[in-house]
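Spelled out from the first residue to the last, the chains are:
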Amino acid sequence: WLAGVVMAPIRRLLRALEGAVASYRDGDFSFSIATERRDELGELIRMHNALGQTLREQRQHLAQRELLLDTVVQNTPVALVLSNASGRVAYANLAARQLFHEGRSLHGLDFIQLLTTAPASLRRAVEEGVDTLLTFEMAGQEEAFHVSQRVFRLQGRVHRLHLFRRMTRELSRQEVATWKRVI
């Protein structure tokens, strides 16, 4: 009975540590344990709480960096489409939604199927999976695009990144510069 009374606080502490480790495994780093102990177990608890604080700070820093990256990607003029192995759109930025789907979401759509209404040269470039520079008529004007594609693994699964960079302005600027040099 006396051993049970002496060991009860240690058992509660070990259960609390077990619960904290389980919450860490589930991705919840908000768990900390209050203690007034001045022995080795108290030091272990303080180290555990410091670890939890470090993990919380790292997660917050990572979330802020991810938000910054998403903001940059969403606001870039390059149309970006990420498709999974089955060709479904996993991610598309604002420029891609404007270019391919009148501003509506592309998530979950079959990208090749979506391109059936696109100009044939663009559709062919995507199907062949090659980097190319092409021109086609869009909204009554001739537009030049650089298409770049890469295959890579994301979370262990094959994905394809499609980048569509509008080059019309850059080519026009280069043409003007060339004419200036000629003149």
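Scroll up to find the structure this text is about.
Procedures and definitions
- Residues numbered from 1 in each chain as written.
- Predicted model: local features only at pLDDT ≥ 70, side-chain atom pairs only at ≥ 80, totals over all residues.
- Heavy atoms only, no water.
- Core = buried A, V, L, I, M, F, W, Y, C linked by side-chain atoms within 4.5 Å.
- Buried < 20%, exposed > 50% of the residue type's maximum accessible area, 1.4 Å probe, protein only.
- Helix = DSSP H or I, 4+ residues; strand = E, 2+ residues; numbered from the N terminus.
- Contact = heavy atoms within 4.5 Å.
- Axes fitted to C-alpha atoms, helices over the stretch in contact; angles between N-to-C directions.
- Parallel < 35°, antiparallel > 145°, perpendicular 65-115°, else oblique.
- Left-handed = near helix turned anticlockwise from the far one by under 90°.
- Nonpolar A, V, L, I, M, F, W, Y, C, P; charged D, E, K, R; others polar.

A. Summary view of the nonpolar core. If you look at the biggest cluster of nonpolar residues, it comprises 20 residues, and the most contacted ones within it are Val81, Phe100, Leu106, Phe111, Leu122 and Phe164. Counting residues per element, the ones that place at least two in this core are β1 (79-84), β2 (89-92), α3 (94-101), α4 (111-114), α5 (120-128), β3 (132-138) and β4 (141-154). Sequence-distant contacts of Phe100, defined by excluding residues within four places in its chain, comprise Val81, Leu106, Phe111, Leu114, Leu115, Leu122 and Phe164.

B. Summary view of the packing of helix α1 (residues 2-25) against helix α2 (residues 40-75). Contact pair α1 / α2: the axes reach a minimum separation of 12 Å and the direction vectors enclose 20 degrees. Put simply, α1 runs roughly parallel to α2. α1 and α2 meet at a crossing whose hand is left-handed. Residues Ile10, Leu13, Leu17, Ala20 and Tyr24 of α1 touch α2, and the partners they reach there are Leu41, Leu44, Ile45, His48, Leu51, Gly52 and Leu55. Along the lines of polarity and charge, the residues of the contact of α1 with α2 split into 10 nonpolar, two polar and no charged.

C. Structural detail: α3. Those residues of α3 that fall on the buried side of the exposure criterion are Ala95, Ala96, Phe100 and His101. Residues of α3 that are buried sit in contact with β1, β2, α4, α5 and β5 (157-166). Remark: Glu102 follows α3 within two positions and exhibits a positive phi of approximately 55 degrees.

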